[in-house]
Amino acid sequence: LREMDGRLIISCDIRNGELCRLLLRRWVMQKAWQMLPSWLARVAYETGLSYAGCSVTSARTRWGSCSRGGKINLSARLLFVPSHLVRHVMIHELCHTVHPDHSVRFWELVRSFDPDYVSLRAELREATRLVPLWMEKG
């Protein structure tokens with residue numbers, strides 16, 4: 001794998017589809033580690049919310065999560081969805097550092113940073129279709 005002039009060049013035997021998918025997923029994880037933690041830091045700064053740490057995962061069932069200790073996990077799949085939805089996921093998880101549940105107070109805090117959170121949640125449910133199948137398998 002290498003990047004050249006804004007293109008990703010993959011060299012592998014296409015008869016070995018699993019190897020090609022593995023290389024692509026590895027590249028996405030590398031990009032996600034480069035982008036998502038600093039993006040989360042910017043959103044935290046903008047909102048004034050803090051968190052204990054950030055990890056990037058290959059989770060396929062959740063876009064993000066927040067531990068009781070305030071550590072936020074973000075799925076590398078976020079790289080395939082529009083930036084306003086990534087920001088929404090980050091706000092959601094940052095709000096969990098204050099309210100580790102989905103109480104009325106939690107949703108009020110989310111709304112204070114993301115007034116259109118209801119429509120964004122609906123859009124996010126449909127966003128799975130934007131993630132390539134090679135990212136979803138394996």
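The preceding data block contains the structure.
Cut-offs and rules
- Residues numbered from 1 in each chain as written.
- Predicted model: local features only at pLDDT ≥ 70, side-chain atom pairs only at ≥ 80, totals over all residues.
- Heavy atoms only, no water.
- Helix = DSSP H or I, 4+ residues; strand = E, 2+ residues; numbered from the N terminus.
- Buried < 20%, exposed > 50% of the residue type's maximum accessible area, 1.4 Å probe, protein only.
- Contact = heavy atoms within 4.5 Å.
- Areas by Shrake-Rupley, 256 points an atom, 1.4 Å probe, with all protein chains shown as cover.
- Lys, Arg positive; Asp, Glu negative; His and termini not counted.
- Charge placed at Lys NZ, Arg CZ, Asp CG, Glu CD.
- Pairing = 2+ DSSP bridges.

Draft legend 1. Quick look at the overall build of the chain. In terms of helices and strands, the chain carries 5 helices and 5 strands. In the chain, the order of α-helices and β-strands from amino to carboxyl end is β-β-α-β-β-β-α-α-α-α. Principal axes of the C-alpha set define a box for the chain whose edges measure 55 × 30 × 25 Å. Here the chain holds 138 residues, and the buried ones make up 40% of them. Sequence-distant contacts in the chain: of pairs separated by 6 or more residues, those separated by 24 or more amount to 51%. Taken as a whole, the chain presents about 8200 Å² of accessible surface, with 53% of it coming from carbon and sulfur. Between the averaged position of the 20 positive side-chain charges in the chain and that of its 13 negative side-chain charges there is a distance of 6 Å.

Draft legend 2. Focus on the pairing of strand 5 (residues 71-75). Bridge analysis of strand 3 (residues 53-57) against strand 5 gives 5 bridges, and the strand direction is parallel. When the sheet's bridge partners are listed, Cys54 is paired in strand 5 with Ile72. Relative to strand 5, strand 4 (residues 64-66) is paired through 3 bridges, and the arrangement is antiparallel. In the sheet register, Gly64 faces strand 5, and the bridge partner there is Leu74. Counting the residues that bridge the hairpin from strand 4 to strand 5 gives 4 residues, and of these Gly70 lies at a positive phi of roughly 90°.

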